[in-house]
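The primary structure of each chain is shown beneath.
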Amino acid sequence: MTKLKGKKIKLGIVGGGSGSWIGHVHRIAARFDNQYEIVSGVFSRNSKNSSKFGQSLGIDKNRCYSNYKEMADIEAKRTDGIDVVAIMTPPGSHQNIAETFIDKNINIISDKPFAGNLKQAKSLFKKIKSNKKIKYALTHNYSAYPMVREAKSLVTKGKIGKVNYINVEYIQDWADGNKITKSNSKNILSWKLQKNIVGTSSVLNEIGSHAYHLAIYISGLKAKSIFADIKQISKDIKMDDNAQVMIDFNNNAKGILWTSVSAKGGVYGLRIRLFGEKGSLEWIQNDPGYLKLNPAKGAVRLLERGFHEAKYSKNFSRIKYGHPEGYLDAFANIYKEFAKSLKRKSKNKFLYPNEDEGFETAKFIDACKISSKKKRWVKL
C-alpha cells in the first residue's frame, strides 16, 4: 500500500454491479470530494459481466476480476494496488470478503450490517482488532447527516441532561403496497428470503440495524438487555418482516425500537426521539435539515442545519443553509472522513461508524432473535 498523504486513495469495489442501487450510491459518495479513484473491482459472479461493467466505469480490463479472492491476491502484489476496498454485497458475505482483504493489509469500507450473524461478527471483529495496519468503516450513513452530528454533540455536551428514554423507528414497505404471497414472494423479495445470504434477520439486518445504530450513536449508550417480539410474513414465507423491541440501556435509560418492512404506506420512515432530564431532541430523516430541541421548560426550538445555533453541523455541510441536503451527502461524509483518517497520523477520533458499533449492532440483533423465540428478556 502506498503512502496516501496528498494523493487520491485507490479504491477497489466488491459487489454493486449493474442494476445495484446501493452500488451507484457508493460510487457517487466515493467521488463526491475527489478523494478516491476507483481502479479495480469484481461486480458480478459472472466474469464476463464483471469485466463489462467494470470497463464501463473506466476501469482497466486487467483489473476487473472474476472473484474477490483473486482481486485481493493480485491487488496486494501490485506496486499500485488498492488502498481500500468497498464491500457492497448482501450481509452474509461481508465477513469472508472483509477478512480476505484484511489479511492483505487493505483497508475496508463496508455496507451495513457488520456481518450476517453474531458468529461472523465475532470473527470479523477479532480480525480487525488484531491487524493494526488497517482501518475499517461501516456505512451507517444516517449517522453522517449534519443534524444527526449536531444531535450527538448536544447530547455529549449535556444539553438535554442524562438521557432517560429513546424512541426510534424505521419503517418501509418492501412490497410497494402489494400483498406478499407464496407465489410472488421470490419475485418481490429475492435474496432476502435466503437466510445464508441475508443473515440472522432480514428486517433487523437490513433496516433495524440502522435504527439501533442511530440510537447508540447519538446517545453514546449501549443496550444492556432487551425484550423483542419479531414477526415473520407467514408460515409459508419464513422471513422476518416486523420487530418491536424494548431496550434497557447501560445508564438505565429505557428504549423502544420498531422496525418493519411490511408497513403499508411506510415510505422510509426513520425517526428518533431522545428524552433527557433537561429536555428532548427529535430528528426525522424525511426532513433531515432540522433538529427539534424541546426544553423541559420553555419554547420549542427548531434548529436548522448550518444556521445560527446549529454551528457544529456546518462541519458536515456542503451547501449553505436554506438549500436541501441529504442521503448522498451523508453517505459521502463517511467516505470523506475515512479518507482523512487514512491520510492523517493523528490519533484524533473520527465520527464515522466502525467495527465497535458494528459489533454492538450484531450482538443486539442476535439477542433480539433469542428474546423473541424464548419470550423473555435477554442480556447482551
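Reading the values: rules and limits
- Residues numbered from 1 in each chain as written.
- Predicted model: local features only at pLDDT ≥ 70, side-chain atom pairs only at ≥ 80, totals over all residues.
- Heavy atoms only, no water.
- Buried < 20%, exposed > 50% of the residue type's maximum accessible area, 1.4 Å probe, protein only.
- Helix = DSSP H or I, 4+ residues; strand = E, 2+ residues; numbered from the N terminus.
- Contact = heavy atoms within 4.5 Å.
- Polar contact = N/O pair within 3.5 Å; in protein donor to acceptor, adjacent residues only side chain to side chain.
- Expected span 1.5 Å × (residues − 1).
- Axes fitted to C-alpha atoms, helices over the stretch in contact; angles between N-to-C directions.
- Parallel < 35°, antiparallel > 145°, perpendicular 65-115°, else oblique.
- Nonpolar A, V, L, I, M, F, W, Y, C, P; charged D, E, K, R; others polar.
- Pairing = 2+ DSSP bridges.
- Salt bridge = Lys/Arg side-chain N within 4 Å of Asp/Glu carboxyl O.

This paragraph deals with helix 2 (residues 47–56). Because each turn of an α-helix spans 3.6 residues, side chains separated by three or four positions end up pointing in the same direction. For helix 2, the full list of buried residues reads Ser 50, Ser 51, Phe 53 and Gly 54. Buried residues along helix 2 sit against helix 1 (21–31) and strand 2 (36–42). One side-chain oxygen of the residue at the start of helix 2 lies 3.0 Å from the amide nitrogen of Lys 48, identifying that residue as Asn 46. Taken from the residues just after helix 2, Gly 58 is the one with a positive phi, measuring 95 degrees.

Let's shift gears to helix 10 (residues 327–343). Here helix 10 contains 17 residues, and its C-alpha end-to-end distance of 25 Å stays within 8% of the 24 Å for a straight helix at 1.5 Å per residue. By the criterion of burial, helix 10 is predominantly enclosed, with 12 of the 17 residues buried. Asp 329, Ala 330, Phe 331, Ala 332, Asn 333, Ile 334, Tyr 335, Glu 337, Phe 338, Ala 339, Ser 341 and Leu 342 are the residues of helix 10 that are buried.

With that settled, the discussion passes to the packing of helix 6 (residues 146–156) against helix 9 (residues 202–219). The N-to-C vectors of helix 6 and helix 9 enclose an angle of 45 degrees; their axes lie 7 Å apart at closest approach. Put simply, helix 6 runs oblique to helix 9. Of the residues in helix 9, those touching helix 6 at Val 148, Arg 149, Ala 151, Lys 152 and Val 155 are Leu 214, Tyr 217, Ile 218 and Ser 219. In terms of residue class, the contact of helix 6 with helix 9 is made up of six nonpolar, one polar and two charged.

Right, let's get into the pairing of strand 7 (residues 223–232). Judged from the nine bridges that link them, strand 7 and strand 8 (residues 240–249) form a sheet pairing that is antiparallel. Bridge pairing links Phe 227 to Met 246 in strand 8.

Let's shift gears to the environment of Asn 46. Secondary-structure assignment places Asn 46 in the loop between strand 2 and helix 2. Judged by relative accessible area, which is 37%, Asn 46 ranks as partly exposed. Measuring from C-alpha to C-alpha, the distance between Asn 46 and Val 85 comes to 20 Å, with 39 residues separating the pair along the chain.

Time to look at the pattern of salt bridges. A side chain with one charge may pair with a side chain of the opposite charge, provided their charged atoms come close. Applying the stated criterion across every chain yields a total of 22 salt bridges. Salt bridges sharing partners connect three or more residues here, namely Arg 63, Glu 75, Arg 78 and Asp 80.

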